[in-house]
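Coordinate analysis (summary)
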Amino acid sequence: MLKTVLRAGFALLALTTVASAEQIKVTLLGTGVPTPRPTSFSASTLVEVGNEKLLFDLGRGSTMQLYKLKIPLGAITANFITHMHSDHLIGLPDMWLTGWLATPWASRKGPMKLYGPKGTVAMTENLTRAFADDIRIRIDDEHLDPEAIRFAAKDIEAGTVYDNNGVKVTAIEVDHGEKIKPSFGYVVEYGGHKVVLSGDTKYDERIAKAAEGADLLIHEVAVIEPELLVKNPVYKDIQAHHTSPEEAGRIFAFAKPKLAVYSHIVFGTVKPVPDIPEEPLILRTRTGYKGPLLVGRDMMSFVIGDTVEAFGPDGTKLAP
């Protein structure tokens, strides 16, 4: 009886996370990088649109953030990977295995749908082998559905990769460096609205063109102090794979989104700081872009309808 009540409660709360079927809700589950900071999990973005709940990247903590939102893991209808860096994938085994459990906060029905660059299918095959004993035990001991632990995975190319219930997802190839190919950004379109996620990328005009007139453009950025580039050469390699605030400002100025938001924020300072140096990030962006801009934080959300409304992690309405 208790399980039935809990399941119904989670289902009801999941249905109310989007204010209207005609709106899109976007939640930043993780805005950080590989650094294991408790204030910012690694990359993951939830897009709730119509009857679809789409997850873009599965970074550290993505399952915990969904739990906080009272969204059952099994309610995610499709998952998308931007590229094969670990901080965008480390939450995949958790989502896959935990989402299979027969509990109100999991209970995936059918295979886990996963779309990503070349290597995605091979990764799922290897994960299935790696966790073969866990899968065997749970099927035998807990009588879990073998169909729901399967992957429905696909190696994608640029173009339309998902089209269901009026929701279209298009992959756009981006430049994350010569050795990290392919890397994708994604465009989500529904009911005349458009959300664009850059993925990890250097300055790339393909993002600006894809995001032209978008309701919401979520873009990565790197802020690394010049002195640190001299002291620690690894930061030169990191910076070479990402977009500076000035370059992101040029992207925003061309695309003219209703709202631009930073997420997957890379920052490096000579003197360690506990959080993102937000002021210099904004000031550097403003050298080329004067429009609406927010620095993303974990659990910040956006509701897209006739306007774009932004809400802080505590639910407070924000003014860009």
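The structure reproduced in this document is the subject of the present report. In this convention, every chain numbers its residues from 1, walking through the sequence in written order. This being a predicted model, a pLDDT of at least 70 is required before a residue's local features are given, and a value of 80 or more before pairs of side-chain atoms are given or counted; all residues contribute to the totals for chains, interfaces and linings. Just so you know, side-chain values use all the structure's heavy atoms and leave hydrogens and water out.

Here the focus is the environment of A260. Numbering of helices and strands runs from the N terminus; a helix is a DSSP stretch of H or I covering at least four residues, while a strand is a stretch of E covering at least two. By the element assignment, A260 lies in strand 12 (residues 259–268). Exposure is judged per residue with a 1.4 Å probe applied to protein chains only, and the accessible area is read against the type maximum: over 50% gives exposed, under 20% gives buried, and values in between give partly exposed. Residue A260 is classed as buried on the basis of its relative accessible area, which comes to 0%. Once the C-alpha coordinates of A260 and V167 are considered, the two residues, 93 residues apart in sequence, prove to be 22 Å apart. The contact partners of A260, leaving out residues within four places of it in the chain, are L217, F252, Y289, P292, L293 and L294. Two residues qualify as a contact provided that any one of their heavy atoms is within 4.5 Å of a heavy atom in the partner residue.

Turning our eyes to something else, we now look at the pairing of strand 2 (residues 44–49). Burial of strand 2 is extensive: six of the six residues sit out of reach of the surface. Any two strands between which DSSP finds at least two bridges are classified as paired. Of the pairings in the sheet, the one linking strand 1 (residues 24–30) to strand 2 comprises six bridges and is antiparallel in character. Bridging from a neighbouring strand, T27 pairs with L46 of strand 2. Here strand 2 runs beside strand 3 (residues 52–56); their pairing, made up of five bridges, is antiparallel. Counted as the bridge partner of L46 is L55 from strand 3. Counting the residues between successive antiparallel strands, the hairpin from strand 2 to strand 3 contains two residues, one of them, G50, with a positive phi of roughly 55°.

Take the packing of aromatic side chains next. Any two of the Phe, Tyr and Trp rings considered here, Trp counted by its six-membered ring, make a pair once their centres fall within 6.5 Å; the pair's planes then place it as stacked at under 30 degrees, edge-to-face at over 60, or tilted in between. Per the stated rule, a full pass over the model turns up ten aromatic pairs. Through a chain of ring-to-ring contacts, the aromatic side chains of F56, F80, Y115, Y162 and Y186 assemble into a single cluster. Above the plane of the ring of Y203 lies R250, whose end atom (NZ or CZ) is 4.2 Å from the centre. Counting as a charge over the ring demands two things of the Lys NZ or Arg CZ atom: a distance within 6 Å of the ring centre and an angle within 35 degrees of the ring normal.

The next point concerns the nonpolar core. Nonpolar cores are built from buried Ala, Val, Leu, Ile, Met, Phe, Trp, Tyr and Cys residues. Side-chain atoms within 4.5 Å join them into one set. Counting residues in hydrophobic clusters, the biggest one holds 32 residues, and the most contacted among them are L54, F80 and F302. It is strand 9 (residues 183–190) that provides the largest number of residues to this core, a total of four residues. Excluding anything up to four places from it in sequence, L54 contacts T45, L46, V47, V49, T77, A78, F80, Y162, V167, V169 and V188. Counting residues in each nonpolar core, the second largest holds 27 residues, with L29, L46, L66 and I149 among its members.

Any functional reading would require information beyond the geometric quantities listed.
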